Amino acid sequence: MSPPPGTTEQLVDVGGRRLRLTSLEKVMYPATGTTKAEVLDYVVRAAQPLLRQLAGRPVTRVRWPHGVGDDSFFEKNAPAGAPSWLRTADVPLRSGDRTAAGAAARGAEVVRYPLLDDVAGLAWVTNLGALELHTPQWRVRDGIGDGARTTHPDRLVVDLDPGPGTGLAECAALAHVVAERLVDDGLDPRPVTSGSKGLQLYAAVSGEQDAGVVRAYVRRLAEGLARDRPREVVAVMTRAVRRGRVLLDWSQNTWSKTTVTPYSLRGREQPRVAAPRGWDELDDDLAQLSPAQVLARLEDEGDLLDDVTGPGPRLPEA
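The structure presented is a predicted model; accordingly, all values stated were derived computationally and were not measured.

Turning our eyes to something else, we now look at unusual backbone geometry. For Ser 23, which is not a glycine, the phi torsion comes out positive at approximately 50 degrees. Along the chain, Ser 23 turns up in the loop between strand S2 (17-22) and strand S3 (27-29). Phi at Tyr 263 takes a positive value of approximately 85 degrees, unusual for a residue other than glycine. The exposure class assigned to Tyr 263 is buried, which follows from its relative accessible area of 3%.

The subject of this paragraph is the pairing of strand S13 (residues 190-193). Residues Arg 190 and Val 192 line one face of S13 and the alternating positions Pro 191 and Thr 193 line the opposite face, and both faces are buried. Pairing between S13 and strand S14 (residues 199-204): four bridges, direction antiparallel. Within the sheet, the bridge partner assigned to Pro 191 lies in S14 and is Leu 201. Here S13 folds back onto S14, and the loop between the two strands holds five residues, one of which, Gly 195, carries a positive phi near 80 degrees. Note: S13 against strand S20 (residues 275-276), two bridges, orientation antiparallel. Across the sheet, Val 192 pairs through a bridge with Pro 276, a residue of S20.

With that settled, the discussion passes to the sheet that holds S13. Read across the open sheet, the six strands follow the order S15-S16-S12-S14-S13-S20; overall the sheet is mixed. This sheet does not close on itself; its edge strands, each paired only once, are strand S15 (233-234) and S20.

Looking now at the packing of helix H5 (residues 168-184) against helix H6 (residues 211-228). Relative to each other, H5 and H6 sit at 130 degrees, their axes nearing to 11 Å. Viewed along their axes, H5 and H6 adopt a mutual orientation that is oblique. Relative to H6, H5 is oriented so that their crossing is right-handed. The segment H5 lies against H6, with Val 177, Val 178, Arg 181 and Leu 182 engaging Tyr 217, Leu 221, Gly 224, Leu 225 and Asp 228.

Soluble globular proteins tend to pack their nonpolar side chains together in the buried interior. Judged by nonpolar contacts, the single largest core of 38 residues is most densely connected at Tyr 42, Leu 54, Leu 116, Leu 122, Leu 133 and Val 294. Looking at this core element by element, the count peaks at five residues for helix H4 (residues 119-127). With residues up to four places along the chain from it excluded, the contact list for Leu 116 reads Leu 51, Leu 54, Val 59, Leu 86, Gly 121, Leu 122, Val 125 and Leu 133. Formed by 31 residues, the second largest nonpolar core is a distinct cluster that contains Val 178, Leu 201, Ala 203 and Trp 250.

For the structure shown, the criterion picks out one aromatic pair. Between the aromatic rings of Trp 138 and Trp 255, the centroid separation amounts to 4.6 Å while the plane-to-plane angle is 10 degrees, which identifies the pairing as stacked. Here the residue Trp 138 occupies a position in the loop between strand S9 (130-135) and strand S10 (140-141), and Trp 255 occupies one in the loop between strand S16 (246-249) and strand S17 (259-260), the gap between them amounting to 117 residues. A single burial state applies to Trp 138 and to Trp 255, both of which are buried.

Let us now look at helix H2 (residues 47-54). In terms of burial, H2 is a largely internal element, six of the eight residues being buried. On its buried face, H2 sits against helix H1 (36-45), H4, S9, strand S12 (155-162) and helix H7 (291-301). Downstream of H2 by a residue or two, Gly 56 has a phi angle that is positive, lying close to 75 degrees.

Note: α-helices contain 3.6 residues per turn, so residues at a spacing of three or four share the same orientation. The element H4 is largely enclosed, with a buried count of eight among its nine residues. Turning to H4, its buried residues are Ala 120, Gly 121, Leu 122, Ala 123, Trp 124, Val 125, Thr 126 and Asn 127. Looking at the buried residues of H4, the elements they touch are strand S1 (9-14), S2, H1, H2 and S9. Among the residues trailing H4, Gly 129 stands out with phi positive, at a value near 90 degrees.

The subject of this paragraph is the environment of Asp 118. With respect to the secondary-structure elements, Asp 118 resides in the loop between strand S8 (110-115) and H4. Taking the relative accessible area as the measure of exposure, Asp 118 reaches 22% and is therefore partly exposed. When sequence neighbours within four positions are dropped, the list of residues in contact with Asp 118 reads Arg 17, Leu 51 and Trp 85.

Spatially, the four strands line up as an open sheet ordered S6-S5-S9-S17, and their pairing is antiparallel. In the strand order of this sheet, the two ends are held by strand S6 (73-75) and S17, each with one partner. Sheet analysis places S9 next to S17, joined by two bridges and oriented antiparallel. Bridge pairing in S17 places His 134 opposite Val 260.

Right, let's talk about the pattern of salt bridges for a bit. Enumeration according to the criterion identifies 22 salt bridges in this entry. The partner of Arg 57 in a salt bridge is Asp 154, and the shortest N-O contact between them spans 2.9 Å. Residue Arg 57 is found in the loop between H2 and strand S5 (60-63), and its partner Asp 154 is found in the loop between strand S11 (149-150) and S12; the two are separated by 97 residues along the sequence. Judged by relative accessible area, which is 2%, Arg 57 ranks as buried. For Asp 154, a relative accessible area of 17% corresponds to the buried category. The residue Arg 190 makes a salt bridge to Asp 307 at a minimum N-O spacing of 3.1 Å. Separated by 117 residues along the polypeptide, Arg 190 in strand S13 and Asp 307 in the segment after H7 bring together distant segments of the chain. Classification of Arg 190 by relative accessible area gives buried; the value is 15%. Salt bridges sharing partners connect three or more residues here, namely Arg 57, Arg 139 and Asp 154.

Conventions used here
Residues numbered from 1 in each chain as written. Predicted model: local features only at pLDDT ≥ 70, side-chain atom pairs only at ≥ 80, totals over all residues. Heavy atoms only, no water. Helix = DSSP H or I, 4+ residues; strand = E, 2+ residues; numbered from the N terminus. Buried < 20%, exposed > 50% of the residue type's maximum accessible area, 1.4 Å probe, protein only. Pairing = 2+ DSSP bridges. Axes fitted to C-alpha atoms, helices over the stretch in contact; angles between N-to-C directions. Parallel < 35°, antiparallel > 145°, perpendicular 65-115°, else oblique. Left-handed = near helix turned anticlockwise from the far one by under 90°. Contact = heavy atoms within 4.5 Å. Core = buried A, V, L, I, M, F, W, Y, C linked by side-chain atoms within 4.5 Å. Phe/Tyr/Trp six-rings, centres within 6.5 Å; stacked < 30°, edge-to-face > 60°. Salt bridge = Lys/Arg side-chain N within 4 Å of Asp/Glu carboxyl O.

This is the structure in structure tokens:
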């Protein structure tokens, strides 16, 4: 298939795959003039730690075909024209069925997600304008296509989202408090600045408990902190009560929810990355990181999440 009139294309070898990349000169971030070629350069250079986070997880993409100054859309299914080598997994939209066959038997909707497990897959979705890669807290196993099965979550996430009048500094201060409670339950939480407004804490869990158990645990944690620190913390989505407080969003542990994948770019005005951080960085000067900063940190410090592979501990149940 030929590219649309007025666009350029280039055939390249990426990880042993032949890819047709188009419009490399297209500006994806107008505020900084960052082009698609520069976005691809980041993704390829950060591929190893990014793929570690994506492994086995169905990927929802947020695409900006014409850059962040234009419209975007969420995409779950692998699009028409996907390369034949791209692995996919048929996944039911609800947690009641762990196989596509079970969902189909009930007439429930099934999504054919891509599984991005090599640098060529990353480059392919990036060429389509997929700047953000979102994944659930569980993985698929036992084959691909309609033979895939979903697993119990192997990690939990606490999303610290600043309300009006608060920012990253307030999230950073609260993250230490949240972490203390997670550590008390035997968890090893790791902070990740979101590349947007707030930050997340990730921790490996056993992979033996249902998503409902994980969600309930994080909800109890969030609601407990909201009771203990009502001037700082809120555990409900209602916007009217969020001013001056940080939302501890427990709902990202719901089976059907996703969070931005660590090391993914974000589709904001400035090019920023969901970036793992050290605990000693979480202070009043904390700032979101650019792709260049993340690459420099990887070269100097390595991947701060490379040992967050689990299995982690079982969670206490109410």
